[in-house]
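Summary of structural features
Residues per chain are reported as follows:
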Amino acid sequence: MEKFDCIVIGAGPAGFSAALTLGRARRKVAIIDNGTNRNRVTQESHGFLTRDGIKPQEFKDIAIKELASYPSVSFAKETVIEVNKDDQRNLFLVNTSNNKSYSTEKILLATGVQEEFPLSQIRQY
Ligand SMILES: Cc1cc2nc3c(=O)[nH]c(=O)nc-3n(C[C@H](O)[C@H](O)[C@H](O)COP(=O)(O)OP(=O)(O)OC[C@H]3O[C@@H](n4cnc5c(N)ncnc54)[C@H](O)[C@@H]3O)c2cc1C
């Protein structure tokens with residue numbers, strides 16, 4: 001099982017920023033994201049200096065490209081379904097929907113928030 005210094009769950013602005021800082025400190029980091037960021041429905045995102053008006057997906061693509069310069073940082077498109085603590089080894093065990101398991105010393109939750117619509121079919125409008 002691959003072992004990391006930190007697993008960042010969620011690749012929005014928060015998770016990417018954390019991973020960048022950890023990568024610069026040469027920590028072995030995995031960012032796991034399932035692409036359900038709340039702002040995925042919008043065409044333009046405003047107010048972030050140098051990226052005003054950018055599409056959320058373009059913002060993500062740039063972040064993934066920038067992080068590729070840091071060899072200790074990896075990105076996986078998966079859903080984290082379970083996190084358990086191994087108290088004996090003082091590690092977290094992370095399981096994903098692709099049946100992958102990772103171990104890590106630290107977990108960083110950057111999962112944002114999700115809308116809960118009163119009617120599920122409303123989302124498509
Ligand atoms: C319609 C809309 C328009 C917006 N417009 C603007 C704007 O113009 N300017 C602005 O500054 N802000 C805007 N926002 C707010 C902005 O999107 C949020 O403040 C920002 O995205 C929060 O960043 P985050 O990293 O905390 O979370 P998010 O960007 O939501 O990222 C969380 C990530 O966690 C991942 N995740 C969650 N659970 C799991 C799991 N179990 N396994 C794997 N991955 C998981 C999701 O896929 C997601 O990518 C807008 C929001 C919405 C909804």
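Residues numbered from 1 in each chain as written. Predicted model: local features only at pLDDT ≥ 70, side-chain atom pairs only at ≥ 80, totals over all residues. Heavy atoms only, no water.

1. A word on the sheet that holds strand S2 (residues 29–33)
If you trace the six strands from one edge of the open sheet to the other, you get S3-S2-S1-S6-S5-S4, paired in mixed fashion. Two strands close off the open sheet at either side, each with one partner strand: strand S3 (73–77) and strand S4 (80–86). Taken over all neighbouring pairs, the strand axes of this sheet differ in orientation by 40° on average, direction set aside. In the sheet, S4 pairs with strand S5 (residues 91–96) via six bridges, with the strands oriented antiparallel. Following the sheet pairing, glutamate 82 is matched in S5 by asparagine 95. (Pairing = 2+ DSSP bridges. Helix = DSSP H or I, 4+ residues; strand = E, 2+ residues; numbered from the N terminus. Axes fitted to C-alpha atoms, helices over the stretch in contact; angles between N-to-C directions.)

2. Focus: the packing of helix H1 (residues 13–24) against helix H2 (residues 56–67)
Interhelical geometry of H1 versus H2 gives an angle of 10° and a closest axis separation of 11 Å. Relative to H2, the element H1 lies roughly parallel. Across from Pro13, Phe16, Ala19 and Leu20 in H1, the residues of H2 making contact are Phe59, Lys60, Ala63, Ile64 and Leu67. Of the residues assigned to the contact of H1 with H2, the class counts are eight nonpolar, no polar and one charged. (Parallel < 35°, antiparallel > 145°, perpendicular 65-115°, else oblique. Contact = heavy atoms within 4.5 Å. Nonpolar A, V, L, I, M, F, W, Y, C, P; charged D, E, K, R; others polar.)

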